[in-house]
Amino acid sequence: MHSLPDLPYALDALSPLMSAETLRYHHGKHHKSYVKKTNELLQGTPLEGKPIEEVVKAAKGSLFDNAAQHYNHSFFWQCLTPGGTAAPKASLLQDITTRWGSLDLFKEDFGKKAKGLFGSGWCWLTVAAGGGLEVVPTPDAGTPIVGGAYPLLVVDVWEHAYYIDYRNSRKGYIDAFWKLADWDVAERRYRERPSA
Ligand code: MN3
């Protein structure tokens, strides 16, 4: 059985940038329901009992949608921390600077792709399957692990992620995301990436 992970911070810890009300609905209702549906759809299938990554990579249709949303949200919660961490350090900062020119230029590219995604989805910083850093927007429940990429950071750009706090302003929400993003998580994952 898959289960809803606890948030790694209190419901009000990201407020006012991300309110307790948003987290109560986003984690306690939306994410919870993806977990419940994943478990229901897995019942009696060969993927029952497999780790979530394996389910996501093998599933199609509704099972993929719900399992990928569970995987994506579980990772998204880890990418946030009260007060944020202003910048990556060490090798990740160096490689972002080499690839984009500067951290600000990276954020500009990431923000543009996150804002430009039509409808619901996610925007990721990943290590591509062939190596190298990439910004990858994925529509709906899409997740880059399907293509073999390794996620370092993600922002949820479904409207349910920001409508309570920012109404229709995805831009305002993404600006806030940078004030909550946990680069320590991205940095640690970068160090631990499979090819490193
Ligand atoms: Mn969401």
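Just so you know, these numbers come straight off a predicted model, no measurement behind them.

Remarks on the coordination of the manganese ion
- For the manganese ion, the protein coordination sphere consists of His-26 (NE2), His-73 (NE2), Asp-156 (OD) and His-160 (NE2), at 1.9 to 2.1 Å.
- In terms of primary sequence, the donors binding the manganese ion are separated according to H-x46-H-x82-D-x3-H. Residue His-73 is located in helix 3 (residues 61-78), and its partner His-160 is located in the loop between strand 3 (150-156) and helix 6 (163-166); the two are separated by 87 residues in the primary sequence. For the pair formed by His-73 and His-160, the shared burial category is buried.

Section: the nonpolar core
- In terms of nonpolar packing, the biggest core is built from 59 residues, with Phe-76, Phe-106, Leu-125, Tyr-173 and Trp-183 touching the most fellow members.
- Considering every element that reaches this core, the biggest residue donor is helix 3, with eight residues.
- Not counting chain neighbours up to four residues away, the residues in contact with Phe-106 comprise Ile-96, Trp-100, Leu-125, Val-135, Trp-178 and Trp-183.

Re the packing of aromatic side chains
- A complete count under the given rule lists 14 aromatic pairs for this structure.
- Put simply, the rings of Trp-100, Phe-106, Phe-110, Phe-177, Trp-178 and Trp-183 touch in pairs and so form one group of aromatic residues.
- The lysine or arginine in question, Arg-99, covers the ring of Trp-100, its NZ or CZ lying 4.4 Å from the ring centre.
- Residue placement shows Arg-189 over the ring face of Tyr-150; its charged tip is 4.5 Å from the ring centre.

Some details on the sheet that holds strand 1 (residues 121-127)
- The antiparallel open sheet is built from three strands, whose spatial order is 2-1-3. With partners counted over all chains shown, the strands left at the sheet margins are strand 2 (133-139) and strand 3, one partner each. For this sheet, the mean angle separating the axes of adjacent strands, direction not counted, is 25°.
- In this structure, strand 1 lies alongside strand 3, joined through six bridges in antiparallel fashion. When the bridges of strand 3 are listed, Cys-123 appears paired with Val-155.
- In the packing of helix 3 onto the sheet, contacts are made with strand 1 and strand 3, and the angle to strand 3 comes to roughly 90°.
- Helix-sheet contacts for helix 5 (residues 103-116) involve strand 1, strand 2 and strand 3, and the interaxial angle to strand 1 is about 145°.

Points about unusual backbone geometry
- Of the consecutive residues Ser-15 and Pro-16, the connecting peptide bond is found in the cis state with omega at 0°.
- Mapped onto the elements of the fold, Pro-16 is located in the segment before helix 1 (20-42).
- Although it is not a glycine, Ala-90 adopts a positive phi angle of roughly 45°.
- Secondary-structure assignment places Ala-90 in helix 4 (residues 90-100).
- A relative accessible area of 58% places Ala-90 in the exposed class.

A few points about the packing of helix 4 against helix 5
- Packing of helix 4 against helix 5 brings their axes to within 8 Å, and their N-to-C directions diverge by 70°. Overall, the two elements helix 4 and helix 5 adopt an arrangement that is roughly perpendicular. Here the hand of the crossing between helix 4 and helix 5 comes out left-handed. Residues Leu-93, Ile-96 and Trp-100 of helix 4 form the contact with helix 5, whose own contacting residues are Leu-103, Leu-105, Phe-106 and Asp-109.
- Here the residues of the contact of helix 4 with helix 5 are counted per class, giving six nonpolar, no polar and one charged.

Parameters at a glance
Along each chain, residues carry numbers from 1 onward, in the same order as the chain's sequence is written. Whole-chain, interface and lining totals are the exception, using all residues; otherwise, since this is a predicted model, local features are given only for residues with pLDDT of at least 70 and side-chain atom pairs are given and counted only at 80 or more. Side-chain calculation: all heavy atoms of the structure are included, whereas hydrogens and water are not. Atoms of type N, O and S within 2.8 Å of a metal are treated as its donors, and for Na, K and Ca the window is 3.2 Å; water is not considered, so some sites may appear to be missing partners. Counting from the N terminus, the helices are DSSP H or I runs at least four residues long and the strands are E runs at least two residues long. Note on exposure labels: buried denotes an accessible area under 20% of the residue type's maximum, exposed denotes more than 50%, and partly exposed covers the range between, all computed with a 1.4 Å probe on protein chains only. Grouping buried Ala, Val, Leu, Ile, Met, Phe, Trp, Tyr and Cys residues that are joined through side-chain atoms within 4.5 Å yields what is termed a nonpolar core. Pairs of residues are marked as contacts when any of their non-hydrogen atoms sit within 4.5 Å. Side-chain rings of Phe, Tyr and Trp (the six-membered ring for Trp) are treated as a pair once their centres are within 6.5 Å; stacked means planes under 30 degrees apart, edge-to-face means over 60, and tilted covers the remaining angles. We count a charge as sitting over a ring when the NZ of a lysine or the CZ of an arginine lies within 6 Å of the ring centre and within 35 degrees of the ring normal. A strand pair is defined by DSSP finding two or more bridges across the two strands. Fitted lines through C-alpha atoms serve as axes, helices being fitted only where they are in contact, and the angles separating the N-to-C directions of these axes extend from 0 to 180 degrees. Throughout this description, any angle smaller than 35 degrees is read as roughly parallel, any larger than 145 degrees as roughly antiparallel, any in the 65 to 115 degree range as roughly perpendicular, and the remainder as oblique. Each crossing gets its hand from how the near helix is turned against the far one by less than a right angle, where anticlockwise is left-handed and clockwise is right-handed. Charged residues are taken to be Asp, Glu, Lys and Arg, nonpolar residues to be Ala, Val, Leu, Ile, Met, Phe, Trp, Tyr, Cys and Pro, and polar residues to be all remaining types, Gly included.

By themselves, these figures tell us nothing about what the structure is for.
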